[in-house]
Amino acid sequence: MAVRRVTVLGATGSIGRSTAALLEAASPGEFEVEALVAGRDAAGLAAQARKLGAKLAVVADEAALPALREALAGSGIEAAAGEAAVVEAASRPVDWTMAAIVGAAGLASTLAALARGGTLALANKESLVCAGPIVLDAAKASGALLLPVDSEHNAIFQALVGAAPESIEQIILTASGGPFRNATLAEMRAATPEQAVKHPVWSMGAKISVDSASMFNKGLELIEAARLFPVEPRQLGVLVHPQSAVHGLVQYKDGSLLAQLGTPDMRTPIAHALAWPHRMQVDVPRLDLAALSRLEFSAPDPVRFPALRLCREALEAGHGAPCVLNAANEVGVSLFLARRLGFLDIATVVEETLAALGGERVPDLAAVLALDTAARARAHEIAALRAAA
Ligand SMILES: NC(=O)C1=CN([C@@H]2O[C@H](COP(=O)(O)OP(=O)(O)OC[C@H]3O[C@@H](n4cnc5c(N)ncnc54)[C@H](OP(=O)(O)O)[C@@H]3O)[C@@H](O)[C@H]2O)C=CC1
Ligand SMILES: CC(=O)[C@@H](O)[C@H](O)COP(=O)(O)O
Ligand SMILES: [Mn+2]
């Protein structure tokens, strides 16, 4: 088989490291790494670039360039920094790109990779949420193949293969319920960042871990699913499933329910996207159904987890509402992690920012970026008022 060239955006993060582990475990000559991109972790990026024999390593933060250069000295690996360098790295010709930068910060490189063509394995759900039609149009224009890596969407993609849209009755996303699945509202009000990032099942970056705790992750995933799959919002459902063994389900109109199961390890969906349409050997622990013995499912609690309602409202409102919701949530999460906002206030900041700016139109990328900036500013103002109250 011909060598496949790959680029990893967000290489030093949780998804990036899982992707690197698969590339490292592959047979010699199977993959060639073109570029690795990170935010500011120069040491982690350089170590990974050396291990994988990358041609280029890029940090978004220009202040991290001297450290990156020093860490790569003598390796022959090119080093670069800044937002333009990130986009240039994403535009370089490769067969496969992993988009795993966290947040709307990943949008420009996701679009650059799609414009170039090839396969884009998408973990960066925020880019689909804040600019869904623009991302999908970019894939269509270049003929790029967009494969979902988010575990639920990857599962649904697998359960949908070969399905006619009219045969689908419902798509169900499973949710672990996060660290506060059984917490009281009072406990959630007093929640600390340490408690919120302690996910009961998955090992992930801080932002998505907080999103899982608030269930904004599942709400963002509802919007992501509406962008990716040929169904109406009313055909999308969420079930809390604490074991996280079933990742997603498709209910067909003949009564069949198809699901994808596996141990909660992101190497499986990443490998699915890396090998598609084939399968590759992955040495993750196998799901032992007899040991698990029981699979539980329940409806999410709308009172403790208003995020699902807010995300559904933004999805129904369309236009700029998902962009505003995403930006406000990113602000809320970062303030919460910095101990400047209460956990439950994240949803309040999102709701109030949506009420202020959710009706804006976003005809093009410039409008999306302007609305993202405006929503962040408004979310900061709202959060400051809450902190002062
Ligand atoms: N982790 C998981 O299991 C899953 C994650 N996802 C999605 O995948 C994405 C990544 O998540 P995760 O890996 O957990 O996040 P992490 O926080 O672990 O990693 C984020 C990565 O993005 C880089 N980064 C941050 N800001 C920038 C920037 N401005 N420009 C370039 N790179 C940047 C970070 O670099 P640095 O290290 O230098 O800060 C790091 O490499 C998110 O969108 C998340 O929702 C989806 C499903 C599962
Ligand atoms: C692994 C993955 O895809 C995450 O998005 C995961 O779903 C988070 O867990 P929650 O179900 O708790 O949001
Ligand atoms: Mn997910």
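Residues numbered from 1 in each chain as written. Chains lettered and ligands numbered in written order. Predicted model: local features only at pLDDT ≥ 70, side-chain atom pairs only at ≥ 80, totals over all residues.

Named according to an unreviewed UniProt entry, the chain is 1-deoxy-D-xylulose 5-phosphate reductoisomerase originating from Rhodovarius crocodyli.

A.B. asks: I tried to follow the sheet that holds strand β3 (residues 56-59) on my own but got confused; where do I start?
C.D. replies: Strand pairing in a sheet relies on backbone hydrogen bonds. The paired strands run either parallel or antiparallel. With parallel pairing, seven strands are arranged side by side in an open sheet as β4-β3-β2-β1-β5-β6-β7. In this open sheet, the two edge strands, each paired with only one partner strand, are β4 (78-81) and β7 (145-148). For this sheet, the mean angle separating the axes of adjacent strands, direction not counted, is 20°. Pairing between β3 and β4: four bridges, direction parallel. Looking at β4, one finds that L56 is bridged to E78. (Pairing = 2+ DSSP bridges. Helix = DSSP H or I, 4+ residues; strand = E, 2+ residues; numbered from the N terminus. Axes fitted to C-alpha atoms, helices over the stretch in contact; angles between N-to-C directions.)

A.B. asks: Is there a simple way to explain unusual backbone geometry in this structure?
C.D. replies: Leave glycine aside and you will find that most residues have negative phi; peptide bonds, for their part, are mostly trans. In the segment running from W276 into P277, the intervening peptide bond is cis, with an omega of 10°. Mapped onto the fold, P277 is located in the loop between α12 (267-275) and α13 (289-292). Of note, M215 is a non-glycine position whose phi angle comes to about 70°, a positive value. Within the secondary structure layout, M215 lies in the loop between α10 (206-214) and α11 (216-228).

A.B. asks: It is not clear to me how the site of ligand 1 should be interpreted in this structure. Could you clarify?
C.D. replies: As a structural note, the neighbourhood of ligand 1 is formed by 30 residues, with G13, G39, D41, A60 and G205 the closest of them. Elements that contribute at least two residues to the shell around ligand 1 include exactly α1 (14-25), β2 (31-38), α6 (125-142) and α10. With three residues, the top contributor of residues to the shell around ligand 1 is α1. Residue classes in the shell around ligand 1 are distributed as 15 nonpolar, nine polar and six charged. (Near = placed C-beta within 6 Å. Nonpolar A, V, L, I, M, F, W, Y, C, P; charged D, E, K, R; others polar.)

A.B. asks: Sorry if this is basic, but what is going on with the pairing of β3 here?
C.D. replies: Regular strands place side chains that alternate from one sheet face to the opposite one. One ladder, built from four bridges, connects β2 with β3; its direction is parallel. Within β3, the residue paired with A35 across the bridge is L56. For the handedness criterion, the β-α-β arrangement of β2, helix α2 (residues 42-52) and β3 is classed as right-handed. Assessed by its sense of winding, the connection that carries the chain from β3 through helix α3 (residues 65-72) to β4 is right-handed. (Right-handed = clockwise from strand over helix to strand, strands pointing away.)

A.B. asks: What is the right way to look at the UniProt feature "binding site: NADPH" (unreviewed entry) in the chain in this model?
C.D. replies: In the UniProt entry, the feature "binding site: NADPH" (unreviewed entry) is given for T12, G13, S14, I15, G39, R40, N124, E126 and G205. Mapped onto the fold, T12 is located in the loop between β1 (4-9) and α1. With respect to the helices, strands and loops of the structure, R40 is situated in the loop between β2 and α2. Apart from the residues lying within four places of it in its own chain, the contact partners of R40 are V59, D61 and A64. (UniProt positions renumbered as here; feature names shortened; annotations may be inferred. Contact = placed C-beta atoms within 7 Å.)

A.B. asks: Just to check I follow, could you spell out the sheet that holds strand β9 (residues 236-240) for this structure?
C.D. replies: Spatially, the four strands line up as an open sheet ordered β9-β8-β10-β11, and their pairing is mixed. Each having just a single partner strand, β9 and β11 (257-261) make up the two edges of the open sheet. The average undirected angle you get between the axes of adjacent strands in this sheet is 20°. Both strand β8 (residues 168-175) and β9 contribute to a ladder of five bridges, which runs parallel. Across the sheet, residue I171 finds its bridge partner in β9, namely L236. Taken strand by strand, helix α7 (residues 151-160) contacts β8, β10 (246-252) and β11, and its axis lies near 40° from that of β10. The sheet strands contacting α11 are β8 and β9, and the helix crosses β8 at an angle near 150°.

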